[in-house]
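Structural overview for review
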Amino acid sequence: MNELWWKIGGVCACSGIISGAYGGHGLKKKVPDMARQDIWKVAQQYHVYHSFALFLVPFSTQQYIVGPMFLSGILFFSGSLYYISLTNRKIRTPPIGGLLFMAGWVLLGMTIDKSLFLRN
C-alpha cells in the first residue's frame, strides 16, 4: 500500500506543478481578472502542499482513511477553486475540501506509526 500512495502523491504533485505553470503563463490570456488569478494561485498552492502530504500517508496506521481524505481534499478544494477561477461561477465545495484537509492532518498526526521514528 505504501508504494500506491507514493505514486499517487507523485502524480498529484506533477499535476500541481503543471497547474502552476499554466497559472503563470497561460491563465492570463483566458482570465485577465487578477482576483480570479489569485484564486488559481491558492488552488495550486494547496494542491501541491497536499500532494506532498500524500507522501506521508504510508506512515499512518490508518492510511486507508488518511490518504483518501487528502486526495478528496485536493479534488474538492483545489478542483473547485480551479473551476471558480476559470468560469467565475460560485460553487459550495471548497469548504468541504478544506474540512477534508484539516481532518486528514489531524488523523495523520494521531495515527502516525511512532515506532518508525522512536528507538527503544
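Residues numbered from 1 in each chain as written. Predicted model: local features only at pLDDT ≥ 70, side-chain atom pairs only at ≥ 80, totals over all residues. Heavy atoms only, no water.

What to know about the overall build of the protein chain
The following threshold applies: Think of it this way: any DSSP run of H or I at least four residues long counts as a helix, any run of E at least two long counts as a strand, and we number them from the N terminus. Note on exposure labels: buried denotes an accessible area under 20% of the residue type's maximum, exposed denotes more than 50%, and partly exposed covers the range between, all computed with a 1.4 Å probe on protein chains only. Contact definition: two residues touch when any of their heavy atoms are within 4.5 Å. Per-residue and other accessible areas follow the Shrake-Rupley method at a 1.4 Å probe size, with only the shown protein chains counted as cover for residues.
When its secondary structure is counted, the protein chain shows five helices and zero strands. Each helix and strand of the protein chain, placed in order from N terminus to C terminus, yields the pattern α-α-α-α-α. Once the C-alpha set of the protein chain is aligned to its principal axes, its extents read approximately 60 × 25 × 20 Å. Going through the 120 residues of the protein chain one by one, you find that 38% of them count as buried. Here the contacts in the protein chain between residues at least 6 apart in sequence split such that 73% fall between residues at least 24 apart. By element, 68% of the accessible surface of the protein chain is carried by carbon and sulfur atoms, the whole surface being about 7,200 Å².

Quick look at the side chain of S80
Basically, it comes down to this: Polar contact is defined as a pair of N or O atoms within 3.5 Å, subject to the rule that within protein one atom must be able to donate a hydrogen and the other to accept it, and that residues adjacent in sequence are counted only when both atoms are side-chain atoms.
With respect to the element layout, S80 can be found in helix 4 (residues 63–87). Within polar-contact distance, the side chain of S80 engages the backbone oxygen of F77 at 3.1 Å. Side chain to side chain, S80 and T93 meet in a polar contact 3.3 Å long. Not counting residues up to four positions away in its chain, the partners in contact with S80 are L75, I91, T93 and P94.

Considerations on the nonpolar core
Here is the rule we go by: Think of a nonpolar core as a cluster: buried Ala, Val, Leu, Ile, Met, Phe, Trp, Tyr and Cys residues, connected wherever their side-chain atoms sit within 4.5 Å.
One finds L54, V57, V66, F70, I74, L81 and F101 to be the most contacted residues of the largest nonpolar core, which totals 20 residues. Contributing elements (two or more residues each) for this core: helix 1 (2–25), helix 3 (34–54), helix 4 and helix 5 (94–111). Here this core takes eight residues from helix 4, the largest share from any one element. When residues no more than four places from it in sequence are discounted, the contact partners of V66 are V57, S60, G104, L107, L108 and T111.

Some thoughts on unusual backbone geometry
Apart from glycine, the bulk of residues carry a negative phi angle, and the bulk of peptide bonds sit in the trans form. Look at N88: it is not a glycine, yet its phi comes out positive at around 60°. Mapped onto the elements, N88 comes out in the loop between helix 4 and helix 5. By relative accessible area, which is 45% here, N88 ends up partly exposed.

Observations concerning the side chain of Q37
Considering the arrangement of structural elements, one finds Q37 in helix 3. Looking at Q37, the relative accessible area reads 7%, which means it is buried. Separated by 2.7 Å, the side chain of Q37 and the backbone oxygen of V31 make a polar contact. Beyond its immediate stretch of four places on either side in the chain, Q37 contacts L27, K28, V31, P32 and S85.

A short note on the environment of M1
Residue placement: M1 occurs in the segment before helix 1. Judged by its relative accessible area of 55%, M1 is exposed. Spatially, the C-alpha atoms of M1 and Y64 are 8.8 Å apart, while their sequence positions differ by 63 residues.

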